[in-house]
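Next come the chains, spelled out residue by residue.
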Amino acid sequence: MEQSAQRSPQFLKTPDAAARLGLSPRTLEKHRCYGTGPNFHKLGGRVVYSIEALDAWAELGRRRSTSDPGTGVCLPAKRFSAPPER
């Protein structure tokens, strides 16, 4: 394997994670505060997301049609009276 070949990052910072999901960074920050978004890691003072966690969270919202109830739910980025169940 060639040394100049770069590995893709395993973790993404908030702006890059938001872009991957098609969200604004602020929306992803709100999801983090409310506990409704993808799992994240705190590395030192930095918040990062694994690509696997982003993809798994997005998969919760997969539907085949508007009448498909799906198997999971991606909640909106807002405060709930009780913690959302996953």
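No experiment lies behind these values; they were computed from the predicted model shown.

Participant: Looking at this model, I keep getting lost on the sheet that holds strand β1 (residues 11-13). Mind explaining?
Facilitator: Picture the strands of a sheet paired through backbone hydrogen bonds; they go either parallel or antiparallel. Taken in spatial order, the 3 strands line up as β1-β3-β2 in an open sheet, and their pairing is antiparallel. Here the strands that pair on one side only, and so sit at the sheet edges, are β1 and β2 (41-43). Strand-to-strand, the axes of this sheet are offset by a mean angle of 45°, without reference to chain direction. Here β2 pairs with strand β3 (residues 46-50) via 3 bridges, running antiparallel. By the bridge assignment, L43 is partnered in β3 with R46.

Participant: Could you clarify how one ought to interpret the pairing of β3 in this entry?
Facilitator: Both faces of the sheet carry side chains from a regular strand, because those side chains alternate between them. Of all 5 residues in β3, 4 are buried; the element is thus mostly enclosed. Examined bridge by bridge, β1 and β3 share 3 bridges and lie antiparallel to one another. Among the inter-strand pairings, K13 is bridged to a residue of β3, identified as V48.

Participant: Looking at this model, I keep getting lost on the packing of aromatic side chains. Mind explaining?
Facilitator: For any pair of aromatic rings, the description rests on two quantities: the centre-to-centre distance and the angle between the ring planes. All chains considered together, the criterion is met by 1 aromatic pair. Look at F40 and Y49: their rings are 6.2 Å apart centre to centre, the planes differ by 55°, and that puts the pair in the tilted class. Judged by its relative accessible area of 35%, F40 falls in the partly exposed class. Exposure remark for Y49: the relative accessible area of 0% places this residue in the buried category. Its guanidinium or amino end placed over the ring of F40, R32 lies 5.8 Å from that ring's centre, counting from NZ or CZ.

Participant: How should I be thinking about the nonpolar core in this particular structure?
Facilitator: In a soluble, globular protein the nonpolar side chains are often hidden away together inside. Membership of the largest hydrophobic core is limited to 10 residues, which are L12, A17, A18, L21, L28, V47, Y49, I51, L54 and W57. Contacts of L21, omitting those with residues within four sequence positions, involve L28, P38, L54, W57 and A58.

Participant: How should I be thinking about the pattern of salt bridges in this particular structure?
Facilitator: Once their charged atoms are close, side chains differing in charge can pair, the charge on each being opposite to the other. Under the counting rule described, the total for this entry stands at 3 salt bridges. Taking the shortest distance from any N to any O, the salt bridge between D55 and R20 comes out at 3.1 Å. Highlighted residues: D55 in helix α3 (residues 51-59) and R20 in helix α1 (residues 14-21), separated in sequence by 35 residues. Owing to a relative accessible area of 37%, D55 belongs among the partly exposed residues under this scheme. For R62, the salt bridge is made with E59, and the minimal N-O distance between the two is 2.5 Å. Since its relative accessible area comes to 56%, R62 is described here as exposed. Residue classification places E59 among the partly exposed positions, given a relative accessible area of 40%.

Criteria and thresholds
Residues numbered from 1 in each chain as written. Predicted model: local features only at pLDDT ≥ 70, side-chain atom pairs only at ≥ 80, totals over all residues. Heavy atoms only, no water. Pairing = 2+ DSSP bridges. Helix = DSSP H or I, 4+ residues; strand = E, 2+ residues; numbered from the N terminus. Axes fitted to C-alpha atoms, helices over the stretch in contact; angles between N-to-C directions. Buried < 20%, exposed > 50% of the residue type's maximum accessible area, 1.4 Å probe, protein only. Phe/Tyr/Trp six-rings, centres within 6.5 Å; stacked < 30°, edge-to-face > 60°. Lys NZ or Arg CZ within 6 Å of the ring centre and 35° of its normal. Core = buried A, V, L, I, M, F, W, Y, C linked by side-chain atoms within 4.5 Å. Contact = heavy atoms within 4.5 Å. Salt bridge = Lys/Arg side-chain N within 4 Å of Asp/Glu carboxyl O.

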